[in-house]
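Spelled out, the chains give:
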Amino acid sequence: NAGVTQTPKFQVLKTGQSMTLQCAQDMNHEYMSWYRQDPGMGLRLIHYSVGAGITDQGEVPNGYNVSRSTTEDFPLRLLSAAPSQTSVYFCASSYLSAATNEKLFFGSGTQLSVL
Amino acid sequence: LAKTTQPISMDSYEGQEVNITCSHNNIATNDYITWYQQFPSQGPRFIIQGYKTKVTNEVASLFIPADRKSSTLSLPRVSLSDTAVYYCLVGVSGDKLTFGTGTRLAVRP
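Residues numbered from 1 in each chain as written. Chains lettered and ligands numbered in written order. Predicted model: local features only at pLDDT ≥ 70, side-chain atom pairs only at ≥ 80, totals over all residues. Heavy atoms only, no water.

1. Here's the deal with the overall build of chain A
Part 1 of the argument: Helix and strand content of chain A: 0 helices and 11 strands.
Part 2 of the argument: The linear arrangement of helices and strands in chain A, starting from the amino end, is β-β-β-β-β-β-β-β-β-β-β.
Part 3 of the argument: For 115 residues, the compact-globule estimate of 2.2 N^0.38 gives 13 Å, and chain A sits close to it at 14 Å.
Part 4 of the argument: Projected onto the principal axes, the alpha-carbon positions of chain A cover approximately 45 × 30 × 25 Å.
Part 5 of the argument: By residue count, 47% of the 115 residues in chain A fall in the buried class.
Part 6 of the argument: When contacts within chain A are restricted to residue pairs at least 6 apart in sequence, long-range pairs at least 24 apart make up 54% of them.
Part 7 of the argument: For chain A, the exposed surface amounts to about 5300 Å²; the carbon and sulfur share of it is 52%.
Part 8 of the argument: Of the charged side chains in chain A, 7 are positive and 8 negative, and the gap between their average positions amounts to 11 Å. (Helix = DSSP H or I, 4+ residues; strand = E, 2+ residues; numbered from the N terminus. Rg over C-alpha atoms; globule rule 2.2 N^0.38 Å. Buried < 20%, exposed > 50% of the residue type's maximum accessible area, 1.4 Å probe, protein only. Contact = heavy atoms within 4.5 Å. Areas by Shrake-Rupley, 256 points an atom, 1.4 Å probe, with all protein chains shown as cover. Lys, Arg positive; Asp, Glu negative; His and termini not counted. Charge placed at Lys NZ, Arg CZ, Asp CG, Glu CD.)

2. Thoughts on the interface of chain A and chain B
Part 1 of the argument: Counting residues at the interface gives 26 residues for chain A and 23 residues for chain B.
Part 2 of the argument: In total, about 1800 Å² of surface goes out of reach between chain A and chain B, with carbon and sulfur atoms giving 54% of it.
Part 3 of the argument: Applying the counting criterion to the chain A and chain B interface returns 0 salt bridges.
Part 4 of the argument: Looking at the side of chain A that touches chain B, the elements that each hand over two or more residues are β4 (31-38) and β5 (42-51) of chain A.
Part 5 of the argument: The element best represented in the side of chain A that touches chain B is β5 of chain A, accounting for 5 residues.
Part 6 of the argument: Considered class by class, the residues forming the side of chain A that touches chain B number 13 nonpolar, 10 polar and 3 charged. (Buried area = accessible area lost by both parts, 1.4 Å probe. Salt bridge = Lys/Arg side-chain N within 4 Å of Asp/Glu carboxyl O. Nonpolar A, V, L, I, M, F, W, Y, C, P; charged D, E, K, R; others polar.)

In C-alpha cells form, the structure reads like this:
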C-alpha cells in the first residue's frame with residue numbers, strides 16, 4: 001500500500017513559470033487537501049476536497065488552483081509562480097465519516113523554490 | 001472553526017513525562033480533538049484522538065476536561081526520538097482542518 005504519494009520531491013521554478021504538484025492516494029479516501037509549510041508558520045491549508053468534483057478554498061488559496069476529477073488524484077496548480085510561493089507543500093487525505101474526525105494521512109512533501 | 005493555542009516550545013529530558021496543553025475555547029459540540037507529530041522533512045502523522053475524558057494508546061494519553069475547552073497530550077517517559085513538533089487540531093470529518101504553529105518539543109539526554 002503506497003498511501004499518499006507526492007511528486008516531485010524537489011522543484012525549482014523561475015518567477016512566472018507554471019507547474020503542477022501531483023498528489024495521489026490509493027486508500028479510496030474521499031477527503032484530500034493541500035497544505036504549505038513555511039518556517040515558523042506551521043501548516044496552512046490551501047485547498048481541500050470532500051470528493052470527486054468538489055473543491056473548496058482553505059486559508060491561503062490565492063495563486064493556487066485545484067481540481068478533483070477522480071477520487072485518487074488531487075493536483076495543485078501554480079499558474080504563475082512567485083517567490084512568495086517558495087515553501088514545502090504537503091498533501092493529505094482521509095476517510096469521511098459522519099460519526100468522527102478521521103485521521104489525516106500525509107505525503108512526504110514537495111520542496112518548491114521560486115527564484 | 002475552532003482556533004487552537006499551544007505553547008511554541010518545550011524542553012524535557014529523557015525519561016520524563018511531557019504534557020502539552022492545547023486551548024480551544026470555541027470548540028463546537030461535534031468537534032473532535034486530534035494530535036499529530038511531525039519530524040523534520042516529513043509530513044505530520046496521527047498520534048491520538050479524543051472527544052471527551054481520557055484516551056490512551058501505545059504512544060500517548062489525551063486528557064480532555066468536561067468543558068472540552070482545552071486538552072492535554074501526555075507523553076510518558078520521552079526519549080530523544082520524541083523530539084518533534086506536536087500539533088493540536090479541532091474539527092470534524094470533512095472540515096476545513098487547520099493546523100496552528102504547533103509545539104516544538106526538544107528532548108535532551
